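Structural overview for review
What follows is the residue order along each chain.
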Amino acid sequence: MSMGGDLTRVTALSSSEAIKKKDVASTISNYENLFDEKKGGTIEARKENYSSMVVDFYNMVTQFYEFGWGESFHFAPRHKWESFNASIARHEMLLAHKLELKP
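This paragraph deals with the pattern of salt bridges. In total, this model carries two salt bridges according to the counting rule given. In this structure, the salt-bridge partner of K22 is D23, at a minimum N-O distance of 3.3 Å. Relative accessible area serves as the criterion here: at 67%, K22 is assigned to the exposed category. Here D23 falls in the partly exposed class, since its relative accessible area comes to 26%. The partner of R90 in a salt bridge is E82, with the nearest N and O atoms 2.9 Å apart. What makes R90 partly exposed here is its relative accessible area of 28%.

See the structure below:
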């Protein structure tokens, strides 16, 4: 099973620039309008704006998560004596080992 298309989409999304602070409100409004029938939000409108809709959604969600949790989108079991950062580092090393990643 090839994941080429999925990886291309993920790369495109992850390489997008963050939404600038001054543009957050308008980006959210534009996104919400695509789902508001009173403001022209139709299935056809969403299909026509699919790329920007998806990129805007993931940029907004990514910024929200990074604000709350930093750059890690996962959680790790934490020992009583362990800091949050240490638990994330330990868990990331475990994942890298299981995936057999090499430097």
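Structurally, the position occupied by T27 is in helix α2 (residues 24-33). Relative accessible area serves as the criterion here: at 10%, T27 is assigned to the buried category. Filtering out sequence-adjacent residues up to four positions away, T27 remains in contact with I19, D56 and M60.

Right, let's talk about the packing of α2 against helix α4 (residues 50-69) for a bit. Packed helices, taken two at a time, are described by the angle their axes make and the gap between the axes. For the pair α2 and α4, the least separation of the axes is 10 Å and the interaxial angle reads 130°. Judged by the inter-axis angle, α2 sits oblique to α4. Crossing of α2 over α4 shows left-handed handedness. Along its contact with α2, which presents T27, I28 and Y31, the element α4 presents M53, D56, F57 and M60.

Our focus in this paragraph is the packing of aromatic side chains. Evaluation of the coordinates by the stated rule reveals three aromatic pairs. A ring pair is formed by Y31 and F35, whose centres lie 5.3 Å apart and whose planes are at 50°; its orientation type is tilted.

What counts and what doesn't
- Residues numbered from 1 in each chain as written.
- Predicted model: local features only at pLDDT ≥ 70, side-chain atom pairs only at ≥ 80, totals over all residues.
- Heavy atoms only, no water.
- Salt bridge = Lys/Arg side-chain N within 4 Å of Asp/Glu carboxyl O.
- Buried < 20%, exposed > 50% of the residue type's maximum accessible area, 1.4 Å probe, protein only.
- Helix = DSSP H or I, 4+ residues; strand = E, 2+ residues; numbered from the N terminus.
- Contact = heavy atoms within 4.5 Å.
- Axes fitted to C-alpha atoms, helices over the stretch in contact; angles between N-to-C directions.
- Parallel < 35°, antiparallel > 145°, perpendicular 65-115°, else oblique.
- Left-handed = near helix turned anticlockwise from the far one by under 90°.
- Phe/Tyr/Trp six-rings, centres within 6.5 Å; stacked < 30°, edge-to-face > 60°.

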